[in-house]
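# Structural overview
The primary structure of each chain is shown beneath.
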Amino acid sequence: MKHLFPRLAIIGAAVVTALAATAPARPMFPSDQIPPPLGHYINNTDSISYLGGFVVIRNIDHFAFSASFPPPTGFGTNFDNFNSLVSVDASVNNGPFSPLQGNASTTVRVTHTGTIGPISTYDTEMLALNIAGGSLPAGVMLRESPTLASLGQTTITNLGGGLFNIDSFFDIFTELSLDGGQTWNPGSSSTGGPERVHLVPAPPGALALLGVGLLTTRRRRA
């Protein structure tokens, strides 16, 4: 019996180590501002169909935010406006998927709901997302539904040393126009509800470029 507890401790440590090794890494950023300048809101597993499947999009990526903002404090609410890019793969009439990218303007409501220790939580809502131009065909536009609430949540954990974990998602209802915004067609997600996009860090190459830029700036100042 006296040998049982050390063995259990060893087994428990092995299980914890295995779980830590297989657990997905939480998004880490060098600032608590949102949306993170180098963040991407993505969904690369589901698809959205319009007009009974005549148009289908997938591999959604919302990135290149023109501005980031300090989160509200004291149960306050911020309304953040910024420009960005949205890329998708699109198929028309069961044709092959092709990459497209449009220019986006976004409005997000962020409400502070509480802070416990280093962890702060926020209720969010995407109030507007309008996508046009770029490599989208003439007259093609995408938007967040003006009649259905696209809600989300953000949790920011202060890790110290200028690093933050930011867990964030939005559940978005979208609409497509093929005639320059005269008529709009609601999307139908493969999940049967709104399309969820979740925050991930930029690819390592982008972080490396940021590091080179910061180093160059410091050298110039020196």
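The text that follows walks through the structure, step by step, so that each part is easy to find. Please read these numbers as outputs of a predicted model, since none were measured by experiment.

With 31 residues, the main nonpolar core has Y50, I57, I131, I166 and F170 as its most contacted residues. Where this core is concerned, the elements lending two or more residues are β2 (39-50), β3 (55-63), β4 (77-92), β5 (98-116), β6 (119-132), β9 (163-172) and β13 (195-201). In this view, I57 contacts S47, I48, Y50, V88, D89, A90 and L142; residues no more than four positions away in its chain are not counted.

Right, let's talk about the pattern of salt bridges for a bit. Applying the stated criterion across every chain, the model contains three salt bridges. Taking the shortest distance from any N to any O, the salt bridge between E125 and R109 comes out at 3.1 Å. Here E125, found in strand β6, pairs with R109, found in strand β5; they are 16 residues apart in sequence, far enough to count as distant. Relative accessible area serves as the criterion here: at 18%, E125 is assigned to the buried category. Given a relative accessible area of 19%, R109 falls into the buried group.

Turning our eyes to something else, we now look at the side chain of S84. Checked against the element boundaries, S84 lands in strand β4. In terms of polar contacts, S84 uses its side chain to reach the side chain of H62, at 2.6 Å. Those residues within four positions of S84 in sequence are excluded, and the remaining contacts are H62, F63, A64, F65, G102, N103, A104 and T106.

What follows concerns the packing of aromatic side chains. One pass over the structure, following the stated rule, counts three aromatic pairs. For the ring pair Y41 and F65, a centre distance of 6.3 Å and an interplane angle of 70° mean the geometry is edge-to-face. On the criterion of sequence distance, the pair formed by Y41 in strand β2 and F65 in the loop between β3 and β4 is long-range, its members being 24 residues apart. Here the aromatic rings of F65 and F82 are separated by 5.6 Å at their centres, their planes lie at 85°, and the arrangement is edge-to-face.

On to the pairing of β3. Taken across its nine residues, β3 has seven buried, putting it largely inside the fold. With seven bridges connecting them, β2 and β3 associate as antiparallel partners. From the neighbouring strand, I48 faces β3, where its bridge partner is I57. Note that β3 and β4 share seven bridges and pair antiparallel. Pairing of R58 across the sheet is with D89, part of β4.

About the cut-offs
- Residues numbered from 1 in each chain as written.
- Predicted model: local features only at pLDDT ≥ 70, side-chain atom pairs only at ≥ 80, totals over all residues.
- Heavy atoms only, no water.
- Core = buried A, V, L, I, M, F, W, Y, C linked by side-chain atoms within 4.5 Å.
- Buried < 20%, exposed > 50% of the residue type's maximum accessible area, 1.4 Å probe, protein only.
- Helix = DSSP H or I, 4+ residues; strand = E, 2+ residues; numbered from the N terminus.
- Contact = heavy atoms within 4.5 Å.
- Salt bridge = Lys/Arg side-chain N within 4 Å of Asp/Glu carboxyl O.
- Polar contact = N/O pair within 3.5 Å; in protein donor to acceptor, adjacent residues only side chain to side chain.
- Phe/Tyr/Trp six-rings, centres within 6.5 Å; stacked < 30°, edge-to-face > 60°.
- Pairing = 2+ DSSP bridges.

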